[in-house]
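Notes for the structure review
Here is how the chains run, residue by residue.
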Amino acid sequence: MSELAILGGQPVRRRPFSPWPQYTEADARRLQEVLESRNWGGYPFPNRLADEFAGKFAACHDVRYGCCVANGTIALVAALQAAGIRFGDEVIVPAYTWDGTAAAVLFTGAVPIFADVEPDTYCLDVEAVGRAITPRTRAVMPVHLAMRFVRMDALLALAAERDLLVIEDCAHAHGGQYQGRGAGSMGDLGCFSFQSSKLVTCGEGGIVITSRLDCFEMLQSLTNCGRASLTDQFKRRVVGSNYRITEFQAALLLGQLEGLPALAQKRGRHAALLTQALSEIEGIRPLPPQPGLTRDTIYNYVFQYRPPDARLSRDAFVAALDAEGIPCDGRFYEAVYRSDLFPASAEDFPQLRLDRERPMDYRQCCCPVAERAAYEESVWLPQFLLIGDEQDVEDIARAVAKVMANREALAQAGAALEGLKSMSRAERPRLERERNY
Ligand SMILES: Cc1ncc(COP(=O)(O)O)c(C=O)c1O
């Protein structure tokens, strides 16, 4: 077996993987048309292309309405506001997700409560949600993470029983379906991000989808500076903001949506091949299949590093795999309550001390499955590794096998090799200037 690239050997992979984002000539044409139309902004609201896209995106996720907004974090904030979440309300979120899921709850004036995730999907554990409910709980925010869905049948039953709102964070789940139902259609509202790394992207952007007209009207008012929605049947007035997107963004999104099914199919096919190849490597565990998944949506391909001994850390494994030419990460997410991107305190967010003897102290949280995923076990491969050809898949599997076969040499070289891969995510961007997602 050849020497590892991280130790000075030849990498398995020298070619870059497929470029991301993808675009076509039709995208260039649409952008040019917007340019020449001089109708660039989000006003009049909803503007022409943004409205066309929102309608198509909603339909493809089995809901009635869609409201485009500035980004995925704002989508979550707007959805919480539209659902009527208020200062001091508790909202249950998974402990293992992008920090923005919980930050959005804080921005709304509410209190995020962390519940652990399941070991085979890394998605919210419905039993843990049940244990986290208090008299102040108003909502739960399931995140369909990476390539799996929350067990929505069980979660919806619990929410109905305990009278909770359900706001789905579908930032990873564009076009996906669980038990035949579109991502974002199962709860009261669903939120998506169109940030650069996402399966449908216009650089930055987001959307909230829903079949509830009362929420849709409120979303439009919140997004459009408090102005009444076009239907205005519920006559609710609110202090709004400007969450609108531009027509340039909407022009790109229309093309992205057209390209999604073909790319999703390719990702699904290559993910299946990769799962087969990885399952033959000792110490590597692909996520088991999820029976309820009726349409794949693979934002990152995630597998588990489960070596027979603790000699080599997951971060060192990931650093070595990356050096073999396979872009990957381990600390893609952390347990949010331990993350340096989530220094939430009652000074900044006074709701954390409302009606409590002591302010909420997130350092007391303990979600073992989330922590194991974040710091020991999970390996994340970005989706663009799966939109090329089968040679790409073979290279990934060969590189994983090579690193696993050379664990001993790597362990002897020591923890210094972990480098960026064990570094705090708040500090990383200064060292990752080339990364566009
Ligand atoms: C799970 C999850 N929720 C929310 C967001 C926030 O989206 P955005 O970056 O567009 O604000 C992201 C993406 O970054 C995400 O991955």
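First things first, this report covers the structure right here in the doc. Per chain, residues are indexed from 1 in the order of the written sequence. Reporting of local features is limited, given that this is a predicted model, to residues whose pLDDT is at least 70; pairs of side-chain atoms are given and counted only at 80 or more, and all residues count toward the totals for whole chains, interfaces and linings. To obtain the side-chain values, all non-hydrogen atoms of the structure were included, while hydrogens and water were left out.

1. A word on the overall build of the chain
For clarity, the threshold we go by: Per the convention used, a helix needs a DSSP run of H or I reaching at least four residues, while a strand needs a run of E reaching at least two, with both numbered from the N terminus. Radius of gyration: C-alpha atoms only; globule rule: 2.2 Å multiplied by the number of residues to the exponent 0.38. Residue burial is assigned from relative accessible area. The probe radius is 1.4 Å, only protein chains are included, and a residue is buried under 20% of its type maximum, exposed over 50%, and partly exposed in between. Residues count as neighbours in contact if any of their non-hydrogen atoms are within 4.5 Å of one another. Computed with a 1.4 Å probe, the accessible areas rest on the Shrake-Rupley method; for each residue, only the protein chains presented here act as cover.
Regarding its fold elements, the chain presents twelve helices and 13 strands. Whereas a compact globule of 437 residues would reach a radius of gyration of roughly 22 Å, the chain reaches 22 Å, a difference of no more than 12%. For the chain, the spread of C-alpha atoms along the principal axes amounts to about 70 × 60 × 40 Å. Each of the 437 residues in the chain was classed as buried or not, and the buried ones make up 58%. Expressed as a percentage of contacts within the chain between residues at least 6 apart in sequence, the contacts between residues at least 24 apart total 73%. Summed over its atoms, the accessible surface of the chain is roughly 18500 Å², and 51% of this surface lies on carbon and sulfur atoms.

2. A short note on the side chain of Asp-99
In this fold, Asp-99 is placed in helix H4 (residues 99-107). Given the relative accessible area of 4%, Asp-99 is considered buried. Leaving out residues up to four positions away in the same chain, Asp-99 has contacts with Val-336, Ser-339, Leu-341, Phe-342 and Arg-425.

3. Considering the site of the ligand
Threshold: Nearness here has a simple test: a residue counts as near a molecule or strand if at least one of its heavy atoms is within 4 Å of that partner. Polar contacts, as counted here, are pairs of nitrogen or oxygen atoms within 3.5 Å of one another; within protein the pair requires one atom able to donate a hydrogen and one able to accept it, and residues that are adjacent in sequence qualify only if both atoms are side-chain atoms. Only protein atoms enter the calculation, which uses a 1 Å grid: trapped sets of points that fit a 1.4 Å probe without letting it out are cavities, open sets showing protein on both sides within 12 Å along at least five of seven lines are pockets, and any residue with an atom within 4 Å of a point is a lining residue. Placement in a cavity or pocket follows one criterion, namely that more than half of the molecule's atoms lie within 2 Å of its grid points. Under the scheme applied here, ten amino acids are nonpolar (Ala, Val, Leu, Ile, Met, Phe, Trp, Tyr, Cys and Pro), four are charged (Asp, Glu, Lys and Arg), and all others, including Gly, are polar.
Neighbouring the ligand are 16 residues; Gly-72, Thr-73, Asp-169, Ser-193 and Lys-198 lie closest to it. Tyr-333 is positioned such that a nitrogen or oxygen atom in its side chain is 3.0 Å from an oxygen atom of the ligand. For the ligand, the accessible surface in isolation is 390 Å², of which the surrounding protein chains cover 91%. Structurally, the ligand is housed in the largest pocket. A per-element tally of the shell around the ligand places helix H3 (residues 72-83) first, with three residues. Residues that form the shell around the ligand fall into these classes: five nonpolar, nine polar and two charged.

4. A closer look at the pairing of strand E12 (residues 300-305)
Going by this rule: Any two strands between which DSSP finds at least two bridges are classified as paired.
For E12, the buried fraction is high: six of the six residues fall into the buried class. Two strands pair when backbone bridges link them, and strand E10 (residues 284-286) and E12 are joined in this way by three bridges, in the antiparallel orientation. Along E12, the bridge assignment pairs Arg-285 with Gln-304. Taken together, the five bridges between E12 and strand E13 (residues 378-382) define a ladder with antiparallel strand orientation. Looking across to E13, one finds that Tyr-301 is bridged to Leu-381.

5. Brief notes about the sheet that holds strand E11 (residues 293-295)
Read from one edge to the other, the open sheet built from three strands follows the order E7-E6-E11, with strand pairing classed as antiparallel. The open sheet terminates on both sides in strands that have one partner only, identified here as strand E7 (181-182) and E11. Pairing between strand E6 (residues 177-178) and E7: two bridges, direction antiparallel. Note on E7: the bridge partner recorded for Gln-177 is Gly-182.

6. Considerations on the sheet that holds strand E4 (residues 137-140)
Selection rule: Orientation is described by axes fitted as lines to C-alpha atoms, over the contacting stretch for helices, and by angles from 0 to 180 degrees between their N-to-C directions.
Here we have seven strands laid out as an open sheet, ordered E1-E9-E8-E5-E4-E2-E3, and mixed in their pairing. Each edge of the sheet is formed by a strand with only one pairing partner; in this case those strands are strand E1 (65-69) and strand E3 (111-115). The average angle at which neighbouring strand axes cross in this sheet is 25°, direction not considered. Here E1 pairs with strand E9 (residues 206-210) via five bridges, running antiparallel. Its bridge partner being in E9, Cys-68 is matched across the sheet by Ile-207. Packed onto the sheet, H3 meets E1, strand E2 (90-94), E4, strand E5 (165-169), strand E8 (189-193) and E9 and runs at close to 165° relative to E8.

7. Quick look at the side chain of Glu-90
Tracing the backbone shows Glu-90 in strand E2. Among the residues examined, Glu-90 registers a relative accessible area of 3% and is labelled buried. Within the structure, Glu-90 has its side chain in polar contact with the side chain of Thr-134 (distance 2.8 Å). Side-chain polar atoms of Glu-90 contact the side chain of Arg-356, separated by 2.9 Å. Not counting residues within four places of it along the chain, the set of residues in contact with Glu-90 comprises Val-111, Ile-113, Thr-134, Arg-136, Thr-137, Arg-138, Ala-139 and Arg-356.

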